[in-house]
Amino acid sequence: MNRKNIGKQLIVLTLAWILVVTPLAITAQTKISMPKNKYKVEDDVKIGREYSAKVENEFPILRDSESTNYIQDVGRRLVSSIPNEFQEPQFQYQFKIVNARDINAFALPAGYLYVNRGMIQAAKNEGEMAGVIAHEVSHAALRHGTAQATKQTSLKNQILGIGAILGGAILGGQAGAQLGAIFAAGYQLRYSRQYETQADLLGARIMADAGYDPRDLANMFKTISGQSEGGRPPEWLSSHPDPDKRFATINREAELLRVSPNPIKSTRGFVRIQEKFSSMPQAPTMAEIEKGAKGNTGGGDSGGGGNTTPSTGMENGTYARTVVLPSSRTRSYNASAVRFRVPENWKEFPGQSDVWFAPEGAYGKDGITHGALMGAYQTQQTTLERATEDYIKGILQGNAYLSSSNDYYRFTINGRTAYATKLSGRSPITGNTEYALVYTAMLSNGNMFYFVGVAPERESTSYNRTFNNIVQSIRFTDRTQ
Ligand SMILES: [Zn+2]
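Keep in mind that this is a model prediction, so the values were computed, not measured. (Residues numbered from 1 in each chain as written. Predicted model: local features only at pLDDT ≥ 70, side-chain atom pairs only at ≥ 80, totals over all residues.)

Participant: Any chance you could explain the overall build of the protein here in plain terms?
Facilitator: On a plain count of helices and strands, the protein comes out with 16 helices and 15 strands. Among the 481 residues that make up the protein, the fraction classed as buried is 48%. Within the protein, residue pairs in contact and separated by at least 24 positions form 69% of the contacts whose partners lie at least 6 positions apart. (Helix = DSSP H or I, 4+ residues; strand = E, 2+ residues; numbered from the N terminus. Buried ≥ 20, exposed ≤ 12 C-beta atoms within 10 Å, placed from the backbone. Contact = placed C-beta atoms within 7 Å.)

Structure follows, in structure tokens:
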């Protein structure tokens, strides 16, 4: 007996229980109210647009018009069933398929929805697939992203809040992955328990109105929960409130809704797309995609920073207890938009849009303990200030042990406005306090240049001098506007 069958039996049992315990419960559907939100609707639109560009840059979007049209049809039917009070004319819902095997789906603010091919393949019928989409549509309609940011306490946090929440989505990443971060995308987005419940309830209502059976949403996560790859449950399967509770809540709500006696279950379109998908080569997992992309791009151009992300070749190093000091002799390094000088005894590990430097004994699979990295950070931000904040946020999220002093120094690098700030924390590699000096400046193509120097705090005297020398040696070679 496999897990799937056990799941099925559970559902049958639970449904039976509901029928017995709540016979003919004719009450009003649960009231849902829009959460408090300090942000303008335009902010949702702006953020959604910005981050969707990033997502589509990093995720393999399936370019198959038949299946894309199909998913858009289902999506539009659900969107047109959003209750009037939650319809937002400024939101342009759009639905795209990510060619990934993991069973997942996620929504960005203002209705940018992404559905993994694996989710469509795993669903038993169109109803189950629509359930997940309805849940995500509800997060967007109720503006949960910016509502969550509203709850942040300090003024600064409010500004950074959206970035932090979406950062959770976009830049997230656990112990370190820089690119991995972005692949963690929808997968990391965490809403409060209250918002998850709201999305389930509104999702159920939308489903019923669109001619589906809301119980299919419950069925979907019940049957899939044992199958999701990679450990971390996908967003829509959020563990808070716990899945059993959600299952019960949705089914209870279904009793209060007017559900078609003949709801949409399987459709010809759904069967056709599933057949098409199973004839395609198997989709890669997000982890595989991430790995491949890392090899291709060197990992630098896609979001959060982080000194725990090794570039190619770096993973072969071993960490030594003592590391040779930076030599006072330097050599020149030329990158596409910048040139500078580094200590002669630092090895280089170039990626496509970043390069890491470290002496022997200071690099390995977990990144560097002594050395520096620099690169170009792709940003939609137009000010150095905001771009720097985004970038720092990414580093902090990718390196949970680091924290920021929140002091930014404004100065110039080769005549350009620059910021510098210090991060520090106990290094998981050495167990000693590590600090990272981060310097940023804008490039003429709109990307942000960053330099990050990393060293143990107790060696700061010599490393501060080294980092300072490198920054002084920087010459921007991109054309200024
Ligand atoms: Zn959710």
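Participant: So what exactly am I meant to see when it comes to the packing of helix H10 (residues 193-209) against helix H12 (residues 243-256) here?
Facilitator: When two helices pack together, their arrangement is given by the angle between their axes and by how far apart the axes lie. Two elements in contact, H10 and H12, have axes whose closest approach is 9 Å; the angle formed by their N-to-C orientations is 35°. Considering only the axes of H10 and H12, their crossing is right-handed. Within the contact between the two elements, H10 uses Thr 197, Asp 200, Leu 201 and Ala 204 and H12 uses Arg 246, Thr 249, Ile 250, Glu 253 and Ala 254. The residue inventory of the contact of H10 with H12, partitioned by class, reads four nonpolar, two polar and three charged. (Axes fitted to C-alpha atoms, helices over the stretch in contact; angles between N-to-C directions. Left-handed = near helix turned anticlockwise from the far one by under 90°. Nonpolar A, V, L, I, M, F, W, Y, C, P; charged D, E, K, R; others polar.)

Participant: Looking at this structure, how should I read unusual backbone geometry?
Facilitator: Peptide bonds are trans in most cases, and residues, glycine excluded, mostly fall at negative phi. Despite not being glycine, Ala 110 has its phi angle at roughly 70°, a positive value. Mapped onto the elements, Ala 110 comes out in the loop between strand E2 (105-108) and strand E3 (112-116). The class of Ala 110 is buried, set by 27 C-beta atoms lying within 10 Å. For Asn 414, which is not glycine, the phi dihedral falls at a positive 50°. By the secondary structure assignment, Asn 414 is in the loop between strand E11 (403-413) and strand E12 (416-426).

Participant: Just to check I follow, could you spell out H10 for this structure?
Facilitator: Residue pairs spaced three or four apart in an α-helix point in one direction, given the helix's 3.6 residues per turn. In this model H10 runs 24 Å from its N-terminal to its C-terminal C-alpha over 17 residues, within 8% of the 24 Å that 1.5 Å per residue would give. The first or second residue beyond H10 is Gly 211, which carries a positive phi of 95°. (Expected span 1.5 Å × (residues − 1).)

Participant: In this structure, what is going on with the environment of Thr 330? I would like to understand it.
Facilitator: Looking at where Thr 330 falls in the secondary structure, it is placed in strand E4 (residues 330-334). Separated by 139 residues in sequence, Thr 330 and Asn 469 place their C-alpha atoms 9.7 Å apart. Those residues in contact with Thr 330 that sit more than four places away from it in its chain are Arg 341, Val 342, Pro 343 and Glu 344.

Participant: I keep staring at helix H15 (residues 384-398) and nothing clicks. Help me out?
Facilitator: The end-to-end C-alpha distance of H15, which contains 15 residues, comes to 21 Å, matching closely the 21 Å that a straight helix rising 1.5 Å per residue would cover. The element H15 is extensively covered by neighbouring structure, given that twelve of its 15 residues are classed as buried.

Participant: Hey, could you run me through the sheet that holds strand E15 (residues 475-476) in this one?
Facilitator: The strand order E4-E5-E15 describes an open sheet built from three strands, whose pairing is antiparallel. Of all strands in the sheet, those bounded by a partner on one side alone are E4 and E15. Where strand E5 (residues 338-343) lies against E15, two bridges are found, and the strand directions are antiparallel. By the bridge assignment, Arg 339 is partnered in E15 with Arg 475. (Pairing = 2+ DSSP bridges.)

Participant: Explain the pairing of E4 to me, please; I cannot follow it from the model alone.
Facilitator: In summary, the side chains of a regular strand alternate between the two faces of the sheet. Along E4, only zero of the five residues are buried, which leaves the element largely exposed. Two strands pair when backbone bridges link them, and E4 and E5 are joined in this way by five bridges, in the antiparallel orientation. Its bridge partner lying in E5, Asn 334 is registered against Arg 339.

Participant: Looking at this structure, how should I read the sheet that holds E11?
Facilitator: Strand pairs in the sheet, formed through backbone hydrogen bonds, run parallel or antiparallel to each other. Strand order in this open sheet of seven strands is E6-E7-E10-E14-E13-E12-E11, and the pairing throughout is antiparallel. What marks the edges here is a single partner per strand, and that holds for strand E6 (347-350) and E11. Adjacent strand axes in the sheet meet at a mean angle of 15°, parallel and antiparallel pairs treated alike. Bridging between E11 and E12 involves eight bridges; their strand directions are antiparallel. Note that in E12 the partner of Tyr 408 across the bridge is Thr 421. Along the sheet, H15 makes contact with strand E10 (371-377), E11, E12, strand E13 (433-442) and strand E14 (448-456), crossing E13 at roughly 150°. On top of the sheet, helix H16 (residues 460-473) reaches E10, E11, E13 and E14; it is set at about 160° to E14, its chief contact.

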